[in-house]
Structure formats: structure tokens, C-alpha cells
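Secondary and tertiary structure notes
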Amino acid sequence: MSDAPDIYPPSQEFAARAHIGSMAEYEEMYARSVEDNEGFWREQAERIDWFEPFTTVKDVSYASDDVHIRWYTGGKTNACYNALDRHVDAGKGDKTAFIFEPDDPNTQEARHISYAEALRETKTMACVLTNHGVKKGDRVTIYMPMIPEAAYAMLACARIGAVFSVIFGGFSPEAIAGRIRDADSDFVITADQGRRGGKTIALKANVDAALQKTDADGPTVRHVLVVKNTGGNIQWHESRDVWLHDATPEAQTTEASGGCPCAHMDAEDPLFILYTSGSTGTPKGVVHTTGGYCVYTSMTHEYVFDLHEDDVFWCTADVGWITGHSYIVFGPLINGCTQVFFEGIPTFPDAGRFWDVVDKHGVTIFYTAPTAIRALMAQGDALVTRASRASLRLLGTVGEPINPEAWRWYHETVGDGRCPIVDTWWQTETGGIMLTPLPGAVPQKPGSATLPFFGIQPQVLEAASGEVLDGPTEGILVIADSWPSQARTVYGNHERFVNTYFTAYEGKYFTGDGCRRDEDGYYWITGRVDDVINVSGHRMGTAEVESALVLHEAVAEAAVVGIPHDIKGQSIYAYVSLGEGYTPNEDLRAELRQHVRTVIGPIATPEFLQFAIAGLPKTRSGKIMRRILRKIATNEHDALGDTSTLADAEVVDKLITGRR
Ligand code: 6R9
């Protein structure tokens, strides 16, 4: 595609209807958002309903000895109220909130769920929670398949002021137990089983196994609320487990007598905790609060996706990730939009599923991950072109850099050259989209997340000195000032929050990403600069995988690196040295890979596992030299770089000969 353009301006047709329809309009509004930051965010706060007005717009310090981030202090609101009640109160109860598209289209029916029905179900669940003693501020763990009850569970918690912690349904019992302990959570919401790609997922059994672990130090979880989904066989613990359908009649009585109204939450009351991987230690429980999160997710959802009343939005993420929190549950519902809620996977019954569903439900805006695009691109165009896709008008991506080839395929083949693409860069910690083209205004370049959203002040720093670089350049991406949906802390460990994000470069939010800025001021994310691997858009800390490996009795030491992968973006390459008495063989290799799967979950499974017979390459001071391990893994032995600090050069030769 050598004659393919490098830049794709919005079509006149798209721009004419867009909320922000020209570069001049974007630039003017952006300038205002930075120059009068507080005034700008004061106005934007009006997009949600407040029970009581706030007194201060912004109270933020990034100084490493006093990091605090507060927005809209004094204001009282409720995220569930904004997502559901207010639409029903305004007479929009009949509008479809969710079009539930089930895993298997041949045996299950799609279902339209109105705002009124979503509110009813959410209220019921909220009353079940209060009837079982859940109170404002309590932490509720949610481990659910992609069924609407997952959203109701999050909204029910928000309604009564409980802090929810959603754990992706692909995580293992070990991972669930760790998160339950860390959040000190005594209530779990799950389903009997989930469905994905024609297979069943043993959710309740995983919760049971997790609770065996947490119970080992004395029981902590009082109740497990179970949604009947597949009707499959599960074990039942009489005193602990509660079926949602059994608890519903009592909850409806509670509700009829005025129970479970929306709690008046302070703007800065926590809304949820979401665990995410970092370069060191166990996953961090990132805390998001109420007011600013609602304002920012709904605003970005409206502008970035150029949302109109008649749109059918579809974000293919799972609610277990931040993308699902912000762009399935809160942003879209606060905006009162209709969206597809998808239980399945892109390749079942076949790799044309996405496009079939687009036609089936008339999807206008489609938001997915580069890894999915690459996987489907590899299956050929026929599966795309058998669907008309005529309803589509805007496409989006998130989760990792998109390679220009995949971008162009998405644009030409999926979007028939008609739909702008919003490549949105953001993070669990940012709560909402930070860098993105506004589709009616900003010309797109394949592979670039382009320009900052309103109120966002990115900077590129020289890595070593921290000097702010101007003009076209490359370095570390930081954000110079706060925005309303920024994470406020790490649950139970503010010091870790400060150390992770605010000490690398004093006075700036450190993103962990590297980036390039071109002559038009466009940002190009180059990937993580820390020890975080991005596998299919999912963040994995190398340290996490290493700790899982060394839990195995045969493993003495482990080092993990990310290597490029055509479809997944990156995959995991693990080096393992064995303890006394263990010999490397294929069975052990398979066992160790399976072991990581069991400890963390399938997404953490090493693609390659190499036995480091002579040990791992270390500096004289004992640090593992990952830089060298990365080069060996990618077969670049000629470019190992400076090896003078190696304690034992022979180790490297042995690794090169033993490469997988
Ligand atoms: C929303 C989400 C965050 C990390 C981030 C970066 C990578 C996300 C990207 C992107 C290039 C994009 N990332 N979007 N890289 N272009 N459009 O994915 O959150 O799971 O916390 O991951 O993902 O490296 O730092 P999260």
C-alpha cells in the first residue's frame, strides 16, 4: 500500500454533522480548556446532575511530598442516578439502554433492555445488597461474565455507595483471592457460569476456590450473591451463598417501601477500585472517585465518539477492564445512549461475528482493540464483506499502538473508506480518553493517537534529565496537570501511588509510556518504558509473571520479557533457571506454562519458556539484565549492546544456543 495516504482528513459529510466540526473549533476549545481550566471544568460539570452544588472545582497538588487530587469538592451526586434514574425521570425510560447480544447466536436470542428495565433490575440488586448488610463504603467484589447483570451489579453498588472492585472473568482463584484480601472485601457478586465462544467458564467454582484461600486465615467473605446464568451445576454453601432470584422478592418489598434510594455521594467518595499491573509487585488497586469520573467519561464519550441521539454504540471490551467501566457502563449510560452489550468473542461462531452483529443491530459507532483487528485481518476480507456494515459511521481503537497496516485495513475494508478512526490513548489510571483525534475535526494519521483531548496537557520529557522537550521530539510521555477522572490513589497505599506516578519527574504525572511528537504536534505512542508487557491490549507486569513462576517448586529464578507478536502486539518470553535436582524437559516446560495460567490466568501464559541452564545474565551487583534477555528472545544476538557489566559472559552464550 505504498500509495496509501499518510493523512486522512474528516470527510465534509462527517464534519458537517459533528459536535466539533473543524480544526479551528477544536483549537479554540482546547485553548480555552487550558487557559481557563477551572472555568472550563466548572461548565462541563453541568452535564451531570448534582444533588448539591460543589464549592471548589479543582484542588490538586502533584508535589511529591503532598500529592492530592480533588475535583468538585463539596458537591453531592450519584453515578447510578446519572446513568439510569435521571433518564427515566426525564421520560426516556423506554429507550433501549442495552441490546444484549449473546455468546451463541444460534441458540440464544438477542434482547433489548430499556433504561426503565435496567433501572428496575439495578434497584432490585441494590436492595439485595442492603438487605444483606452491605453499606456505603463497603467493598464489593464483582466477578461476572459479560451479561447485563454485571453492569447492574456495578450500578447497584454505585447506587448505595458501596465501592466495587470488578475482577476480569479470566482471572484465576489465586488472583481473585489476592484482590479480595487487598480490598478487604466481604461481599462477592458472581454467576454460576459464563459463556464465551461456545465454552462455559466456571465462575462460581473459581470464587469457591478463591474463598478457600481467603478463609484459610479466618473467614472474611460473608456472602456470595449468585446470578443464575447457564443453570449449570455448582457447589452450594448454604450459610454463605445467595441466589439473586431467591433474594429478589424480599428486595422488591424493600424497594416498594422506598428502600435503596440513590445515596448522596460526595464528589470525592470512591466509586470503584480496579486492579492493574505495574512494573513492580502485585497489581495495584487504582481508586476512582465519583463526580469527576462521571463528568469526564460522559464528556469524552460524547465528543470522541461524536455521539448523537440515534447512534447505536458498541464497545467490545469486557467490563472487567477500565474500557468497559468507562465506555460500556458509565460514559454511555450517563449520556443515555443505546449500545450493544456483547457476551461473546470475535471469532465465534466464526471470525465474521463482529460484522454480522454490526448489521444485525445497526451499529453506528464501533470501538475495539488493535489485537482483535489484526486477528480478524488475518482471516481474510470475505468474512467482513459478507456483511454490509452500511450503518457504521465511526470506528475506534484502544489498548495498544495500532500498526498502520492494521489501521488501513480497518479503514478501507471494515469502514469502506468512509468512517474516521479514533485511536484513543489512555490508561486505567486516567479513567478516560486522553489523546485522540476528534473525528469531525482532526485529520488522522495511521498509528498516531494524534492530539490531546480538552483540558489534557501532555509533555514529552528527556528520560534522564526530565527536561521538557519542545517541537518534534521523542521521549517520556507525562501529563503536566490534572483532569477530573484521574485516579486518586492506590487503595490502602497512597505512598505507592505517589512513588509510581509522581516521583519519576517532579510535578508531573508519569504515564509509563514513551512517545514521539511529530512536526504537526501529533503524538505517537512507542510503548511502555517500564517492565509492563502489553499482551492483546492487557497489561501484565513482568514481576507478576516472575513471582508466579518462582512459586513452583522446580523454579529457582525467573526473568520475563515481552517480545513482538504479530497479532497480540506482544507476547511473554520467560527464562527459568531450575533448582537443585530438577532437569529441563518438555513435560516440565508444559507444566510451568500451565502453572502460570493457574496462578494468574490464561492471559499471562508465557508463549515461550526457555530453561536458563547456566543461570540468568546478571550485573556484578546481581541485577538481571533484561535488556540482554530481550535481545536474545528476539534473536538479535548481534545487537546485545554493552555487556561489560555482565558478571559471567558465558551465561549469555549458553542462552543464545538454547533459544526457543
Ligand atoms: C485503556 C487501557 C494502558 C496502556 C498504556 C499504553 C497502552 C492504550 C493505547 C495504548 C498506544 C493507544 N495503550 N491505548 N498505546 N495507543 N491508543 O488500555 O488501559 O489497560 O491500563 O493500559 O495501554 O501503553 O499505558 P490499560
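Predicted, not measured: the structure shown is a model, and the values here were computed from it. (Residues numbered from 1 in each chain as written. Predicted model: local features only at pLDDT ≥ 70, side-chain atom pairs only at ≥ 80, totals over all residues. Heavy atoms only, no water.)

Looking at helix α4 (residues 79–89)
In terms of burial, α4 is a largely internal element, nine of the 11 residues being buried. Turning to α4, its buried residues number three or more, namely A79, C80, Y81, N82, A83, L84, D85, R86 and H87. Of the surrounding secondary structure, the elements contacted by the buried residues of α4 are β3 (76–77), α5 (115–131), α6 (148–160), β14 (270–276), α10 (291–304) and α11 (322–334). With a side-chain oxygen lying 2.8 Å from the backbone nitrogen of C80, the N-terminal cap of α4 falls on N78. Looking one or two residues past α4, G91 carries a phi angle of roughly 85°, positive in sign. (Buried < 20%, exposed > 50% of the residue type's maximum accessible area, 1.4 Å probe, protein only. Helix = DSSP H or I, 4+ residues; strand = E, 2+ residues; numbered from the N terminus. Contact = heavy atoms within 4.5 Å. Polar contact = N/O pair within 3.5 Å; in protein donor to acceptor, adjacent residues only side chain to side chain.)

A short note on the UniProt feature "binding site: Mg(2+)" (unreviewed entry) in the chain
Sites flagged by UniProt as "binding site: Mg(2+)" (unreviewed entry) map to V550, H552 and V555. The topology assignment puts V550 in helix α17 (residues 542–550). For V550, the contacting residues outside a window of four places in its chain are V555, A556, E557 and A558. Every residue in contact with H552, bar those within four places of it in the chain, is listed here: L588, E591, L592 and H595. (UniProt positions renumbered as here; feature names shortened; annotations may be inferred.)

So, the layout of surface pockets
Reported here for the second largest pocket is a volume of approximately 460 Å³. Lining the second largest pocket are 23 residues, and of these G178, R179, T282, P283 and E544 lie nearest its centre. Of all elements in the fold, only α7 (173–183), β15 (284–289) and α17 reach the threshold of two or more residues within the lining of the second largest pocket. It is α7 that provides the largest number of residues to the lining of the second largest pocket, a total of six residues. Counting the residues that make up the lining of the second largest pocket, at least three belong to each of domain 1 (110–272) and domain 2 (536–658). (1 Å grid on protein atoms, 1.4 Å probe; cavity = no way out; pocket = protein on both sides within 12 Å on 5 of 7 lines; lining within 4 Å. Points joined across faces, edges and corners; volume = space filled by probe spheres on them. Domains from an automatic or database assignment.)

A closer look at the domain arrangement of the chain
Assigned domains within the chain: domain 1 (110–272) and domain 2 (536–658). With five residues of domain 1 in contact, the opposing surface of domain 2 contributes seven residues. Buried area between domain 1 and domain 2, summed over both chains or domains, comes out near 440 Å², and the portion from carbon and sulfur atoms is 63%. One can count zero salt bridges joining domain 1 with domain 2. Our enumeration of links across domain 1 and domain 2 arrives at three residue pairs in polar contact (both at pLDDT 80 or more). Tallied by class, the residues present in the side of domain 1 that touches domain 2 amount to two nonpolar, two polar and one charged. (Buried area = accessible area lost by both parts, 1.4 Å probe. Salt bridge = Lys/Arg side-chain N within 4 Å of Asp/Glu carboxyl O. Nonpolar A, V, L, I, M, F, W, Y, C, P; charged D, E, K, R; others polar.)

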